[in-house]
Number of protein chains: 2
Amino acid sequence: MMRELTIGIDIGGTNTKYGIVDKSGEVLFQGSISTTAFEEFKDYFNSLTNAVRVALQRLKGEYRVLGIGVGAANGNYYKGTIERATNLKWKGVIPLADMLKEEFDMPAVITNDANAAAVGEMVYGAAKGMKDFVVITLGTGLGSGFVTNGMLLNGKHGIAGEVGHTSVNPAGRYCNCGKRGCLETYVSATGIKRTVYKLLADHLEPSELRGISFDNLNTKMITEAAVRGDVVALAAFEYTGRILGMKLSETVVHTDPEAIFLFGGLSLAGDLIFTPTIRHMEANLMPLFRGKVKVLPSGLQNQAAPILGASSLIWNYLDNRKNPVREVIA
Amino acid sequence: MMRELTIGIDIGGTNTKYGIVDKSGEVLFQGSISTTAFEEFKDYFNSLTNAVRVALQRLKGEYRVLGIGVGAANGNYYKGTIERATNLKWKGVIPLADMLKEEFDMPAVITNDANAAAVGEMVYGAAKGMKDFVVITLGTGLGSGFVTNGMLLNGKHGIAGEVGHTSVNPAGRYCNCGKRGCLETYVSATGIKRTVYKLLADHLEPSELRGISFDNLNTKMITEAAVRGDVVALAAFEYTGRILGMKLSETVVHTDPEAIFLFGGLSLAGDLIFTPTIRHMEANLMPLFRGKVKVLPSGLQNQAAPILGASSLIWNYLDNRKNPVREVIA
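Worth saying up front: this structure is predicted, and the values here are computed from it rather than measured.

**Re the pattern of salt bridges**
Right, so step 1: Scanning the model with the defined rule gives 26 salt bridges over all chains in all.
Right, so step 2: Across the pair Arg228 of chain A and Glu208 of chain A runs a salt bridge, and its minimum N-O distance is 2.6 Å. Here Glu208 of chain A lies in the loop between helix H4 (189–202) and helix H5 (219–227) and Arg228 of chain A lies in the loop between H5 and helix H6 (231–255), a separation of 20 residues in the sequence.
Right, so step 3: Sharing partners across several salt bridges, the network here consists of Lys247 and Glu250 of chain A together with Lys247 and Glu250 of chain B.

**Comments concerning the relation of the copies chain B and chain A**
Right, so step 1: Between the two copies, chain B and chain A, the superposition gives an RMSD of 0.0 Å; the rotation angle is 180° and the shift along the axis is 0.0 Å. Overall, the copies show the geometry of a two-fold rotation axis.
Right, so step 2: Both copies present the same face, since 100% of the interface residues in chain B are matched by interface residues at the equivalent positions in chain A.

**Quick word on the sheet that holds strand E5 (residues 75–76) of chain A**
Think of a sheet as strands paired side by side through backbone hydrogen bonds, with each pair either parallel or antiparallel.
All names here are of chain A.
Right, so step 1: Across the sheet, three strands lie side by side as E5-E6-E7; this open sheet has antiparallel pairing. With one partner strand each, in any of the chains shown, E5 and strand E7 (93–94) form the two edges of the open sheet.
Right, so step 2: Across two bridges, the pairing between E5 and strand E6 (residues 81–83) is antiparallel. For Asn76, the partnering residue across the bridge sits in E6 and is Thr81.

**Topic: the confidence of the model for chain A**
Residues and elements named next belong to chain A.
Right, so step 1: Per-residue pLDDT for chain A has a mean of 92; in total, 96% of the residues score no lower than 70.
Right, so step 2: Across residues 323–330 the pLDDT falls below 50, and counting only partners more than four positions away or on other chains, this stretch makes 20 contacts in the model.
Right, so step 3: For this predicted complex, the interface confidence comes out at an ipTM of 0.89, alongside a pTM of 0.90.

**As for the sheet that holds strand E13 (residues 294–297) of chain B**
Residue and element names in this part refer to chain B.
Right, so step 1: In space, the five strands of this open sheet follow the order E11-E10-E9-E12-E13, with mixed pairing throughout. Among the strands making up the open sheet, the edge pair consists of strand E11 (151–152) and E13.
Right, so step 2: In this sheet, E11 lies alongside strand E10 (residues 142–148) in antiparallel orientation, the contact comprising two bridges. Paired with Thr148 across the strands is Met151, a residue of E11.
Right, so step 3: Sheet strands touched by helix H7 (residues 271–284): strand E12 (259–263) and E13. Its angle to E13, the strand with the most contacts, is close to 165°.

**As for the packing of aromatic side chains**
Right, so step 1: Applying the stated criterion across every chain, the model contains 18 aromatic pairs over all chains.
Right, so step 2: With a centroid separation of 5.8 Å and an interplanar angle of 80°, the aromatic rings of Phe133 of chain A and Phe261 of chain A are classed as edge-to-face. With Phe133 of chain A in strand E9 (residues 133–138) and Phe261 of chain A in strand E12 (residues 259–263), this residue pair connects regions lying 128 residues apart in the sequence. For the pair shown, Phe133 of chain A and Phe261 of chain A are each scored as buried.
Right, so step 3: Both rings, one in Phe41 of chain B and one in Trp90 of chain B, keep their centres 5.1 Å apart while their planes meet at 80°; by these two values the pair is edge-to-face.

**So, unusual backbone geometry**
Right, so step 1: Residue Asn74 of chain A is not a glycine yet carries a positive backbone phi of 60°.
Right, so step 2: Within the secondary structure layout, Asn74 of chain A lies in the loop between strand E4 (63–72) and E5.
Right, so step 3: Unusually for a residue other than glycine, Asp256 of chain B sits at a positive phi of about 50°.
Right, so step 4: Its location among the elements puts Asp256 of chain B in the loop between helix H6 (231–255) and E12.

Basis of the calculations
Residues numbered from 1 in each chain as written. Chains lettered and ligands numbered in written order. Predicted model: local features only at pLDDT ≥ 70, side-chain atom pairs only at ≥ 80, totals over all residues. Heavy atoms only, no water. Salt bridge = Lys/Arg side-chain N within 4 Å of Asp/Glu carboxyl O. Helix = DSSP H or I, 4+ residues; strand = E, 2+ residues; numbered from the N terminus. Least-squares fit on C-alpha atoms with pLDDT ≥ 70 in both. Contact = heavy atoms within 4.5 Å. Pairing = 2+ DSSP bridges. pLDDT = per-residue confidence, 0-100. Axes fitted to C-alpha atoms, helices over the stretch in contact; angles between N-to-C directions. Phe/Tyr/Trp six-rings, centres within 6.5 Å; stacked < 30°, edge-to-face > 60°. Buried < 20%, exposed > 50% of the residue type's maximum accessible area, 1.4 Å probe, protein only.

Structure, rendered in structure tokens:
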């Protein structure tokens, strides 16, 4: 029997992951190239498409590749472009979907990485059957993807779901986007590092984290220190969960989701992050919404998740084409 | 030719308006009864249904009534109920859609008043053809209704769009919902009154508003004073627009709408409210979104608007039934 497959490409700030996936979410092949090693976009694109061709040649048996899904910061679903992504060195507007479509002669869909994670959660993960949910991706920054009425919420300009740039404190921490006090400056892998450093600056308590430089500090170290009872690490999780919970309460009253899924490094800290997040979300919610919205770990907590998310865009695209609710680009 | 009509009922905290409307938005009949004069819900319901029957008997020519749409605070679309509405005296959960369906033997759909306003804007108003927009209703409180991907966003529990209860200041003004510092305590007919009183308390400037009691003060007086150059009234609009603009910037990055429509008393103040709102929304937006989202007056700025909004639910319900995307209650 002919096996139907899709290609998923996740363009991260450091590495670009690519893989070939079947409808059940099995990853038949995956690989990665550097995102940062190429000064010119053209050279990056050639390297990426060559790598994907090599992967396709390794596939055994009969198969048909249905399309290519791409997740990338500032990926624009309608235009098929990457626009002014702050974490990528290529500037301007890159028509990546059209370039891939031409190169491989198949549909190509692009969206931002958090939207891809949301579709991945719906197609392969813990949101199967859900019509209204949110995925929050906690990486270097904080991304978010919304599904409403069973469909990815792209918005008018294809850039919906930038909850990471809602305001915690207009006079707060500097953000890559040019503003100050954005949620992602507090709640993300970088955000919790900044919080640890603030706590180390403000307080006198001893902490094993006093011996680690900012550049070397990471979420895993903070998590492990918290598990060992380090008061600064514990306080950093409480602070992070408090801010995340407060802001999630605002997201909840916007779209009334069934569940909010937390994805990525910080979410792997388990109760350390979920307990304060849920407590503060509930405390800050309008009473009508209390006790109704689940906060859950993503069902795609593995290395292949970004590839799965990107590849899921094609299954979703093909499903929507059978039942077209609105025009989608191909 | 048989004329197709729908009934719209808007249950406000003071009055209940009802009317009979055709597809173009022409209101053939409208009337109102008191919402507050009935201690028992049963008596209110009888009075309302009698009034609607009398209205139907007055219609001339051939017609067919397709259904009844109801807008009410805390109206739940999926369940067809009014739940714990803070501005209504009847407590508990009232199965109004089922009661109307049984009484009139036709489909009945209920949603909150701001959602009804959003559907009305799409069916009859300034959002015709738009797939992604937001309506903000500025009355006693602040309501909001979202359309995403061309469909009303009800959310999982049928209560989406409570932007009036996002937080401006967790230690701020007391809100009817039980929390403090909710957006609607600053931005609404009541909110701007509270702001005028705060400004009169804090500042020494003379103002014509110093002669008016809190109970007598209303949006129209504040608007007229501002037009005459009253510094306190002008400052109150600036303050209200600043807070609305800041919070709209957060709504924009959630759902990326094409436009945000302002509806109701405060929005009739024109530039006095639109200018600071747009300025502060743009200033607080993540740069990617700047200059993209229109803030516009509602296209339904007249007395019949709540009836139009409620009646539009039936046209929308019938359209969705032809193209069912998800189960809707009838």
